[in-house]
Amino acid sequence: SVGAIGGVLYLSTRPGREKLSPMLSSAYTTFLHTQTGQRFIYDTGSRPTPKALAQTLLPKDMMAKLIVCLVVDFVGSSSYLLPGVGEVFDVAWAPTQTILIAAMFDHVSPNLKYVSFVEEILPFTDFIPSATYGWVREFGPVILGESGRKIHDLTVAVRGEKEALRETVGIKMA
């Protein structure tokens, strides 16, 4: 919390803006080249929804999405750091978290956004990592599928080694 405030204060200074500018300019250029960015910046039709904006800005690959999920769950759980005040923060954070989860996981688990909202808005339920649960729902089968294939490959290799060992021992014994 104190680190975040210090970071924001540093980024508001000239040296902070100079360090942040190269990173933001490439992100801004990339965003501007998307259809959602065009509709957001210029008056070229209906404004994009918050979910469409989030889908444009959020990562699509597995590890980057995991990091975003962990950050979303950490921010949601950080309300425990300030008893009393934290529950007021949850009221403001719940819609934001719902939009982020809807943008990342509606295609995998369409009801997760509702669970996430209820989890965040109800007091003392912030310990549930709903964003990370969505990540597991999306990427768990991929990870388990790869693990299953590796275990199968290992089993086949071990069988082959056992057979080769038996043949070698059988040749030496004869």
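Up top is the structure.
What you see is a predicted model, and the numbers here were worked out from it, not measured in a lab.

Observations concerning the overall build of the protein
Along its length, the protein carries eight helices and zero strands. Along the protein, helices and strands appear, N-terminal first, in the series α-α-α-α-α-α-α-α. Counting every position in the protein, which comprises 174 residues, the buried fraction comes to 27%. For the protein, contacts bridging at least 24 residues in sequence account for 53% of all contacts bridging at least 6.

Notes on helix α5 (residues 62-77)
Here α5 contains 16 residues, and its C-alpha end-to-end distance of 22 Å stays within 8% of the 22 Å for a straight helix at 1.5 Å per residue. Along α5, the positions that sit buried rather than exposed are Lys 65, Leu 66, Val 68, Cys 69, Val 72, Asp 73 and Gly 76. Viewed along the axis of α5, the buried residues span an arc of 165°, placing them on a single side of the element. The outward face of α5, more than 90 degrees from its buried face, is lined by the exposed residues Ile 67 and Phe 74.

Topic: a nonpolar patch on the surface
Taken together, the side chains of Val 91, Phe 117, Val 118, Ile 121 and Leu 122 make up a nonpolar region of the molecular surface, amounting to roughly 380 Å² of accessible area. Considering each element in turn, the nonpolar patch owes the most residues, three residues, to helix α7 (residues 112-121). Turning to its location among the elements, Ile 121 is positioned in helix α7.

A few points about the packing of aromatic side chains
Considering all chains together, one arrives at two aromatic pairs under this definition. Consider the rings of Phe 89 and Trp 93, whose centres lie 6.3 Å apart with planes at 10°: the pair is stacked. With Phe 89 and Trp 93 both in helix α6 (residues 85-105), this residue pair falls four residues apart, about one helical turn. Trp 93 gets classed as buried once you look at its relative accessible area, which sits at 13%.

Overview of helix α2 (residues 14-32)
Of all the bends found along α2, the most pronounced is centred on Ser 21 and spans about 40°, while Pro 22, a proline, follows it within four residues. Of all the residues in α2, the buried ones are Gly 16, Phe 31 and Leu 32.

About the cut-offs
- Each chain has its residues counted from 1, following the order in which its sequence is written.
- With the structure being a predicted model, the display of local features is reserved for residues of pLDDT at least 70 and the display and counting of side-chain atom pairs for 80 or more, all residues being used for whole-chain, interface and lining totals.
- Each side-chain value is worked out from all heavy atoms of the structure, with water and hydrogens disregarded.
- A helix here means a DSSP run of H or I that spans at least four residues, while a strand means a run of E at least two residues long, and both kinds are numbered starting from the N terminus.
- Buried means the residue's accessible area, taken with a 1.4 Å probe over protein chains only, is under 20% of the maximum for its type, while exposed means over 50%, and partly exposed covers the values in between.
- Here a residue-residue contact requires only that any non-hydrogen atoms of the pair lie within 4.5 Å.
- How far a helix is expected to stretch is found by multiplying one less than its residue total by 1.5 Å.
- This arc describes the spread of directions from the helix axis toward the C-beta atoms.
- Each patch is built from salt-bridge-free residues with over 30% relative accessible area, joining like charges within 9 Å and nonpolar side chains (Val, Leu, Ile, Met, Phe, Trp, Tyr) within 5 Å.
- Areas reported here follow the Shrake-Rupley algorithm with a probe of radius 1.4 Å; residue values treat only the protein chains shown as occluding.
- In the sections that follow, a salt bridge refers to a side-chain nitrogen of Lys or Arg positioned within 4 Å of a carboxyl oxygen of Asp or Glu.
- Working definition: a ring pair exists when centres of Phe, Tyr or Trp rings (six-membered ring for Trp) sit within 6.5 Å. Plane angles under 30 degrees give stacked, over 60 give edge-to-face, the rest tilted.
- Think of it this way: the bend at a residue is just the angle between two axes, each fitted to seven residues, one set ending at that residue and the other starting at it.

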